[in-house]
Amino acid sequence: MKDMQVEIDHGSGFCFGVTTAIKKAEEELAKGETLYCLGDIVHNSMECERLQQMGLVTIDHARMATLHGVKVLLRAHGEPPSTYELARRNNIELIDATCPVVLQLQRRIKSQYEESPQIVIFGKKGHAEVLGLVGQTNGTAIVIEKFDEVTTLDYQHDIYLFSQTTKSLDEFHRIVDYIQSHMAPDAIFRSFDTICRSVANRMTGISQFASRHDVILFVCGRKSSNGKVLYNECLRVNPNTHLIEGPDDICQEWFREASTVGICGATSTPKWLMEQCRDALIGA
């Protein structure tokens, strides 16, 4: 194991939105005050645990409804209008770390909904970001998770298609092409490519990275949506790709015939965690 070359992908790690949210949390916690976070600040259990040890208290919407006069951090995924209304009612100070890309998407969906209510969102049902997007339409938006679900749409009515920021760009384009070819002659179809390029642009880089190594360790929390997309891309290029959450998941059998190992991760994977996995390998 000591002669094996191990490389960490320089393009992996937190995206801008996650970095900003964690920085805001650390700044507030440094003041020594209690800080609540609505949902996991990032879809990575080890990073969440690190911040919890610093004093961050993770809550859900039901718990938030019982709080008054406290500080609550809104993570990068964003929240529906009802969360802001709850904060006003309960005199809660919001530390809003909604990613600017997500915030802009929320505004676009709300504006479009006010003009035409038939909104379709390509995204993961129940995902925090998607809940925030659907909230801009008073809960009426139709959510499709994958290409196969596009056949359930009603093509006799106007369709305005948006996407969760971390979905696959290729799959989004497949959905657009299918809808365009099935719309009724007198119905309007408009699509809005709202996929974050800081995520989409990683596809090419991570594909090239995966092809350079004998074995790939993809470090990622099980809840990460963009992690699933990037992991599947690695697996497509390199069948010797293994999804792990941290050093404890590493199996030495994977490296029997390997001379090079690549370590990469999602936009929710901290660099320190990838470094821990590297150190575990080098020291093995």
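Residues numbered from 1 in each chain as written. Predicted model: local features only at pLDDT ≥ 70, side-chain atom pairs only at ≥ 80, totals over all residues. Heavy atoms only, no water.

**Student:** Before we move on, can you summarise unusual backbone geometry with the specific residues and values?
**Tutor:** Positive phi is not limited to glycine here, since Asn91 has a value of about 55 degrees. Within the secondary structure, Asn91 sits in the loop between helix H4 (81-89) and strand E5 (93-96). At Asn138, a residue that is not glycine, the phi angle is positive and equals roughly 55 degrees. Its location among the elements puts Asn138 in the loop between helix H6 (128-134) and strand E7 (142-144). (Helix = DSSP H or I, 4+ residues; strand = E, 2+ residues; numbered from the N terminus.)

**Student:** Report on the packing of aromatic side chains, specifying residues and quantitative values.
**Tutor:** In this structure the tally under the stated criterion is five aromatic pairs. On the basis of an interplanar angle of 85 degrees and a centroid distance of 5.7 Å, the ring pair of Phe147 and Tyr178 is categorised as edge-to-face. In this pair, Phe147 sits in the loop between E7 and strand E8 (159-163) while Tyr178 sits in helix H7 (residues 169-182), placing the two residues 31 residues apart along the sequence. Considering the side-chain rings of Phe162 and Phe192, the 4.5 Å spacing of their centres and the 10 degrees angle between planes classify their relative orientation as stacked. (Phe/Tyr/Trp six-rings, centres within 6.5 Å; stacked < 30°, edge-to-face > 60°.)

**Student:** How would you explain helix H1 (residues 16-29) if you had to name every residue and give the values?
**Tutor:** One full turn of an α-helix is made of 3.6 residues, so residues set three or four places apart face in the same direction. An ideal rise of 1.5 Å per residue puts 20 Å on 14 residues; H1 measures up with 20 Å between its terminal C-alpha atoms. Within H1, burial applies to Gly17, Val18, Ala21, Ile22, Ala25, Glu28 and Leu29. The buried residues of H1 occupy an angular sector of 125 degrees when the element is viewed end-on, so they sit on one face. (Expected span 1.5 Å × (residues − 1). Buried < 20%, exposed > 50% of the residue type's maximum accessible area, 1.4 Å probe, protein only. Arc of directions from axis to C-beta.)

**Student:** Give a detailed account of the nonpolar core, specifying residues and quantitative values.
**Tutor:** Leu153, Ile159, Leu161, Ile175 and Ile179 are the most contacted members of the largest nonpolar core, which has 19 residues in total. If you list the elements that add at least two residues to this core, you get strand E6 (119-122), E8 and H7. Ile175 has contacts with Phe122, Ile144, Lys146, Phe147, Val150 and Leu161, leaving out every residue within four places of it along the chain. Formed by 16 residues, the second largest nonpolar core is a distinct cluster that contains Val18, Ala25, Leu35 and Cys48. (Core = buried A, V, L, I, M, F, W, Y, C linked by side-chain atoms within 4.5 Å. Contact = heavy atoms within 4.5 Å.)

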